[in-house]
Protein chains: 2
Amino acid sequence: MTETMTAASSQREMTPPAKYIYVFGEGQAEGNAGLRDLLGGKGAGLAEMTNAGVPVPPGFTITTDACRWYYTHDRQLPPGFEDRQREALERLEQRMGRRLGAADDPLLVSVRSGAKFSMPGMMDTVLNLGLNDRSVEGLSARTSNPRFAWDCYRRFIQMFGSVVMGLEKREFEARIEAIKHRRRVKTDAELRVEDLRALVREFEALVRRRVDRDFPQDPYEQLALARDAVFQSWYNERAVYYRRQNRIPDDLGTAVNVQAMVFGNLGESSATGVGFTRNPATGDNHFYGEFLTNAQGEDVVAGVRTPRPIDELESISPAAFGQLREITSRLERHYRDVQDFEFTIQEGTLYLLQTRTGQRTGQAAVKIAVDMANEGLITREEALMRVTPVALDQLLHPRLDPKAKLRVIATGLAASPGAAVGRVVFDADVAAERGVKERVVLVRKETTPDDIHGMDASQGILTATGGMTSHAAVVTRGRGKPCVAGASSVHVDEKNRRFVAGGVTVQEGDWITLDGGTGRVILGETATVDPELTGEFGVFMEWADAHRRLKVRANADEPRDARKARDFGAQGIGLCRTEHMFFAEERLPHVVEMIMSAPTAKALQAQLEALQSELAARPDPETERGLRRDMAVLKKSLAVPLRAYRGSLARLLPYQRADFKGLFKAMDGLPVTIRTLDPPLHEFLPKREDLMSEVAVLQAEWERAKKRNRKAPKPARLRRQETLLKRVEELHEFNPMLGHRGCRLGITYPEVTEMQARAIFEAACDVTKSGVKAFPEIMIPLVGHVEELRHQAALVRRVAEEVMAKQGVKVEYLVGTMIEVPRAAVTSDRIAEEAEFFSFGTNDLTQLAFGFSRDDAGKFLPEYLERKILPTDPFVSIDVEGVGALVEMSVERGRRTRPRLKVGICGEHGGDPASVEFCHRAGLDYVSCSPFRVPIARLAAAQAVLRGKTAASDQR
Amino acid sequence: MTETMTAASSQREMTPPAKYIYVFGEGQAEGNAGLRDLLGGKGAGLAEMTNAGVPVPPGFTITTDACRWYYTHDRQLPPGFEDRQREALERLEQRMGRRLGAADDPLLVSVRSGAKFSMPGMMDTVLNLGLNDRSVEGLSARTSNPRFAWDCYRRFIQMFGSVVMGLEKREFEARIEAIKHRRRVKTDAELRVEDLRALVREFEALVRRRVDRDFPQDPYEQLALARDAVFQSWYNERAVYYRRQNRIPDDLGTAVNVQAMVFGNLGESSATGVGFTRNPATGDNHFYGEFLTNAQGEDVVAGVRTPRPIDELESISPAAFGQLREITSRLERHYRDVQDFEFTIQEGTLYLLQTRTGQRTGQAAVKIAVDMANEGLITREEALMRVTPVALDQLLHPRLDPKAKLRVIATGLAASPGAAVGRVVFDADVAAERGVKERVVLVRKETTPDDIHGMDASQGILTATGGMTSHAAVVTRGRGKPCVAGASSVHVDEKNRRFVAGGVTVQEGDWITLDGGTGRVILGETATVDPELTGEFGVFMEWADAHRRLKVRANADEPRDARKARDFGAQGIGLCRTEHMFFAEERLPHVVEMIMSAPTAKALQAQLEALQSELAARPDPETERGLRRDMAVLKKSLAVPLRAYRGSLARLLPYQRADFKGLFKAMDGLPVTIRTLDPPLHEFLPKREDLMSEVAVLQAEWERAKKRNRKAPKPARLRRQETLLKRVEELHEFNPMLGHRGCRLGITYPEVTEMQARAIFEAACDVTKSGVKAFPEIMIPLVGHVEELRHQAALVRRVAEEVMAKQGVKVEYLVGTMIEVPRAAVTSDRIAEEAEFFSFGTNDLTQLAFGFSRDDAGKFLPEYLERKILPTDPFVSIDVEGVGALVEMSVERGRRTRPRLKVGICGEHGGDPASVEFCHRAGLDYVSCSPFRVPIARLAAAQAVLRGKTAASDQR
């Protein structure tokens, strides 16, 4: 892993800020919420809370500037930094009336990371810093609680040892397990103070052995090492992966928060917990959270003990509970958003350790946004900006089919809604590997940040321990992925790759179903149904629709998809790929026949054309008779392939007509864009390699047969497959992406375009007669030169007029083109002479603009992203600088020729929010995406408008 | 064949011209040389000559407007046309004092095509029109020469029958052969009047049988039919092919010239001939031509009889000869260019039938241009415009090696200069087919316009009959192809595909050599040497260099090519493809080793980097020691592949360094652009299919071996080839054109770029020490994003500084990029942040802009050209509208960032004159092309300047 603090940060060196440390405490802080860049989210929050009179343990924040300096100066800190830090620490010591690690009554501190953007659990934290062999005794004496003191010290060595000194966590854990075994106890809590003393000695010896030095006893050395470890954790693998996933720049750096420790583990009047001002799973406006008595914060988050609901705190510590409700409500109003807070009650006294904007499910995000707008806390525009478009994705995922019979084998916490169906895997690496090929569900005792890649690849997550705020729950909610957490009746045996629940043993590879909305774990592969979208979702999308300018269409090839798309708010079909219809089982044989007969038929037609041209050139009747005789002979001898060719097309026509009728009905009153045949013909034939080996085998068999009987006839299948192979060889291409496909097919085989046009207009006329309003938009693919489009458009328009005249029906229609070839973008002024609409095929446009084959780019694209040669995968989010420039150029030039040209996009980018925003800026009329992404695109389109307004008012 | 008279001509209909016929005769003509569009070249020339007092047989010209009307009005002529034609004919009859086809003293006319641009022999002609069963007697009586009259009639039926009535020429010829056989004579001239009468009867019967009507006797019907046949011949296959080859638009149409017949076959005081005012093969300022006495013009051109040199005419008809010299000299001065004229002497009286600009060889074109400029007839600028750049090509072709031993088996006319070496073929179709794969020489008795496609595919042409103005001679001179014509000692047996000459039988497929400069036919494959360029050529190229702004470089990979390029005037190397060096026999094994070891080595490096990064992150000495131990183990266990990888590169370095030294020496003082490795790695490995079948065979052998001996070890070759196949499979790509190649290789394997950079700078430093001035320009291929270039450029610059520092030598160098990916063109402002020069790779840019794979486009590109969807093959001449727009955009944007950015082109378009002109207009600094095309590019660059001046002054 290399570091890349570059230009931006080096520029800052020019004017080094005077201040690398901001202190806070006793109602006064040097920082505030506005200094997020400098203090990180946590540091800015602590300062803001302190200023707002919230009880926060005092401390100080080392800025992100210090972190950037550290990385750009060979891991040194700025001159004079250590003095400033000692001053800040002295201030803290004064406030707390204790000295760090003092032998009699030590001040203990926590050292925590805190970046501008929340990266939960990605970076390192050290608690209880300041303890050593002497101060542990002081702590013991002051608290009159030797067990607490030694447990703190045990925890500190364990945490510092793994985070700062690089030992393996499991080595410490193994020793704890060993001592519990020796003492014949089950939980840590049952260990006595002697056991903890012994553990500390064992831990110290372990450290000595592993890193060849004593565990550091000097508290100031402890602090310096912990601080540097936090800086270094900015570049640990998990953090780098998280930032790449969340598009957080690498050069922000992290702040470090040093804060006096308060203890939730000083007995049963102490507690620690986390909470949300509203329910982060459902969005209900209900105080929500969990706590553990006599515990430290990490116990809650780690999911090792299952915590209690926050309501129960009232009975334990009513004053603290009331104060907590009051303070957090105030914080929600202050920040105008749901707060996710951490608190500790030390012997009855409440401290808030952190508050931040609460992560939430998509469902909750929508409900909270709508509620808050209705409460007048935020505006509708703000509400729209509060939900990230991708968060909607989870609302749209299928639920369990209510009619399905369910065998529930366990129930856990409903940690993240939605239904997940998949084969069980027990390991994140296995999940990542198998998840690309099939649906998997990851089952773990508990998840850790190391599991993220496997979680991303899974349909859903099941954990045996941990609460609603455990790692698994937080991560899955953020990603809109179903999760059942803390299902304690699930006994996971990760080593043997199985779990037992409800008396059933489930092996790796078995199917299970999770219902994240109820917490049920169900045996087998359960049927699911599509989500209904009502209530707040409907209101929210209405608000979005009121703001957006871009229309949203769907890519749909079948009436079923079209209907679903319409339910999701699609305003038409932006792309119907007619070739998908060709692959259907009952149709493929006709397609194959068409491909096999086409070359001979083409040759015939060329000859006939030559004769017809001669016929046209020589009007004298004798010659004419002769020519007609020749033509008759030619027609007769070549009738078979022609009949096969025309016949295959004639047999495909009714299928296509029926498909189109279905689409027009589903989209009654809305436009339906139909693309003529696009893929190279060899895609419809068997694979070349497969045919070669089959022919080889059949030939060998025939050879053997001939040895037995010299007159053995060539088997029919061999003859057939040889013919097929010959044609496949003819059609073989070095670069199929750049080969004989798109409109090039329609030009060499105009009969195919003609058949498709006929099917479209016959279908449109038919449905029109039954009162359906059809608006076909015929789209010619892969056009690079206006003459290609002119050829195909003339053909389509001729057929349209013929069919409409015959049927006596008038259908409004447009003929347009995909813009997916760079030349088409560059010459769009010419293309628009013929095209009544453009639709950007940004998949191919990206391939051709970059010269990347999507099928082959896997050989270098990951490395390009790793090395930051490309900022994002251009197939996921449109490359605004290059491909985007071509799109803008094309729109501008196209509209120069035809000012009212309709322009859309139908590549997969149409459902990517960043790309939708680009499309809005580029002045497109619509985006088209897969049905499930229609709401995402609707919201993204609205947000683009709002963001544009903000940008415009910022410029003023 | 379909006709395509479109928009342009339909517009003309709006204002129909009043005049479709222009008459000329007796010193007065309605037309003039300025009406070429309307009257065609021949018609305009006849009018101009008439007005200039040249003795021209009177007649009239039917305009190209009439032809266009004919094609756009269902083959009808304009209203009133027939009346106008009758008036013009009556005027002619008055002038000649005879009536068309009159029984007593008939006027005979010729009906000839004549388009704006000369299309020699492509369209139809009918002579002696007006003869019928009665007028033949009248002609006989008036000339007192029955044999002449019946011979004319025989010729007329034969010509009219084949051209107008569609009979096969060979049917007539068979009947002539039959009668000669019956009469036991050898030549047509020996046939008596009775024989000719009998032939006429036979011909008339033949016509009746074939087309079921009598041969038309009405002279006016004859005229109408002949006129329409000429119109129709505009769209015959030959003419369409010729126009496509010569980029003549289809909608020009042809004029028809109807002219009184004069006869060169009225006895020995009559003659006919063709001539040039200067020698069209050498350019010598010497009256030049050929004639036959007692013959019609077609006899000279057809090459059936071998004509006499024009000088001999003086002794036969001194007055006519003097008049001819005087008139043609006047015409040359009048037209300010060499004239190609046709004349007939009818019983001592001279008539000029045609004059036009003479076609000439490249050598003659240069000499004539230089001579005429020196004579003051034209300016130097005009001289430069007089030579088409492609005409220079033939000057640059190799000559026979003077040291070669020649076995001359025949000598013919030196019809077109240059040496041609190839295998003998006897058929144009075979030539066209084999000529794409190997060198062929086409051998024919005589060529006809039907043979053009085969002539184009041949290295040279040998004919047994025909003179310097025969079809073969004219066509080959125009194309700069060697030709030996009229080699009468060559006995061609086309049926059995062999010829006999000098006692040797040469079969199809045998090698011969032609020396077009001396007319020698040589047995076998003779060595050739490169041409020397001196005299007028040098002067001419100096004039060109004085005018051009574009520099011209060459594409050269080897010192030998570089030296040749420099001889031809190259001003540097614009493209050295380093991969060509990789394919050399002694190097390929190292390349293969590099490819095989790279993946493991890469994995190793990734692991080492991870350890190094950890090492960097944790400064405490204990950890460091541990990490160093781990690294040592890792290095040891993975030393083998790393050693193989680095070793293979180390072994390639000296080869590359030596290559580059050679190039720098050859280009001392001039820039040398070196491109880093470009093709996908699999190109260096055996073909996948080949390996698959070899492995299958080896496996089968091993299986058999194991049946004999169960412990038979796996053969070493099988193991090796299996490993190779595995790697080939890894490297296999769906679209190699869009795959892992270009700078993408350099980014994933930076060691390769580093090795190449090291070789370049070590070579440059070395030669600098010996006084050579090296200017390397390192070019990174396939860049689409500025970060790709930034990565590679940083690497190159680092190595450059390292090498120069070590060697203590300073070398001026540039780092730049190919612009061949559309995204690079669009984002050239960004690319220019890093690039010190751009070089357009228009081959790939064309592929990506159109989305055409050059390897696969053969499936549709011919049809695209046929159907005029594309005007020209974009791989031959740059597509100005699309690809050109990208080039212009890139230049503009690149120079916006870096105003003095050096910009060139190194695609194959760099040697295409039209593309060179575009490059000039687009403001490029240089073009780079293959060495032999350097002079072509130099001239094209000068012409671009002159054409620009003309265009500018036209606008004023």
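Up top you'll find the structure we're talking about.
Position labels on residues start from 1 in each chain and follow its written sequence. Lettering of chains starts at A and numbering of ligands starts at 1, both following the order in which they are written. Where local features are concerned, this predicted model is filtered to residues with pLDDT of at least 70; where side-chain atom pairs are given and counted, the filter is 80 or more; whole-chain, interface and lining totals use all residues. With hydrogens and water stripped out, all remaining heavy atoms of the structure feed into the side-chain values.

Caption draft 1: Layout of the sheet that holds strand β20 (residues 483-485) of chain A. All names here are of chain A. Paired strands, as defined in this entry, are two strands with at least two bridges between them according to DSSP. A run of H or I in DSSP counts as a helix once it spans at least four residues, and a run of E counts as a strand once it spans at least two, with each numbered from the N terminus. What the 8 strands build is an open sheet, ordered β15-β25-β24-β17-β18-β19-β20-β16; its pairing is mixed. Of all the strands in the sheet, just β15 (408-411) and β16 (413-416) have a single pairing partner and so form its edges. Within the sheet, the average angular offset between the axes of one strand and its neighbour, ignoring direction, is 30 degrees. Strand direction decides the pairing type here: strand β17 (residues 419-425) and strand β18 (residues 440-444), joined by 3 bridges, are parallel. Simply put, an axis is a line fit to the C-alpha atoms, just over the touching stretch for a helix, and the angle between two N-to-C directions goes from 0 to 180 degrees.

Caption draft 2: Structural context of the relation of the copies chain B and chain A. Here the copies were fitted onto each other by least squares, based on C-alpha atoms from residues at pLDDT of at least 70 in both. Placing chain B over chain A gives an RMSD of 0.1 Å and needs a rotation angle of 180 degrees, together with 0.0 Å of translation along the axis. Such a turn and shift between the copies fits a two-fold axis. No C-alpha of chain B approaches the rotation axis more nearly than that of N735 of chain B, which lies at 2.2 Å. What makes two residues a contact is simply this: any of their non-hydrogen atoms within 4.5 Å. When the interface residues of chain B are mapped onto chain A, 100% of them again fall at the interface, so both copies present the same face.

Caption draft 3: Layout of the pairing of strand β27 (residues 551-555) of chain A. All names here are of chain A. Judged by how many residues are buried, β27 sits mostly within the fold: 4 of 5 residues are covered. By the bridge criterion, 2 bridges tie β27 to strand β28 (residues 573-577) in an arrangement that is parallel. Residue pairing for β28: A554 is matched across the bridge by I573. Summary of the burial criterion: residues with accessible area below 20% of their type's maximum are buried, those above 50% are exposed, and those between are partly exposed, where the area comes from a 1.4 Å probe applied to protein chains only.

Caption draft 4: Quick peek at the sheet that holds β27 of chain A. Residue and element names in this part refer to chain A. An order of β27-β28-β29-β30-β31-β32-β33-β34 is seen for the 8 strands of this closed barrel, with the pairing classed as parallel. Between one strand axis and the next, the sheet turns through 25 degrees on average, direction left out of account. Across 4 bridges, strand β30 (residues 775-780) lies against strand β31 (residues 814-819) in parallel orientation. Bridging from a neighbouring strand, I780 pairs with T817 of β31. Strands β29 (671-675) and β30 of the sheet are contacted by helix α28 (residues 750-769), whose axis makes an angle of about 170 degrees with β30.

Caption draft 5: A look at the pattern of salt bridges. We count a salt bridge whenever a side-chain nitrogen from Lys or Arg sits within 4 Å of a carboxyl oxygen from Asp or Glu. The full count for this structure, using the stated rule, is 166 salt bridges over all chains. Notably, a salt bridge pairs K868 of chain A with D250 of chain A, separated by 3.0 Å at the nearest N-O pair. Residue K868 of chain A is located in the loop between α33 (861-866) and α34 (880-897), and its partner D250 of chain A is located in the loop between α10 (237-246) and β8 (254-260); the two are separated by 618 residues in the primary sequence. Using a relative accessible area of 43% as the deciding quantity, one classes K868 of chain A as partly exposed. Take D250 of chain A: its relative accessible area is 12%, and that puts it in the buried class. A single salt-bridge network, built from bridges that share partners, covers E787, R790, R797, R823, R830, E833, E834 and E836 of chain A together with D879 and E881 of chain B.

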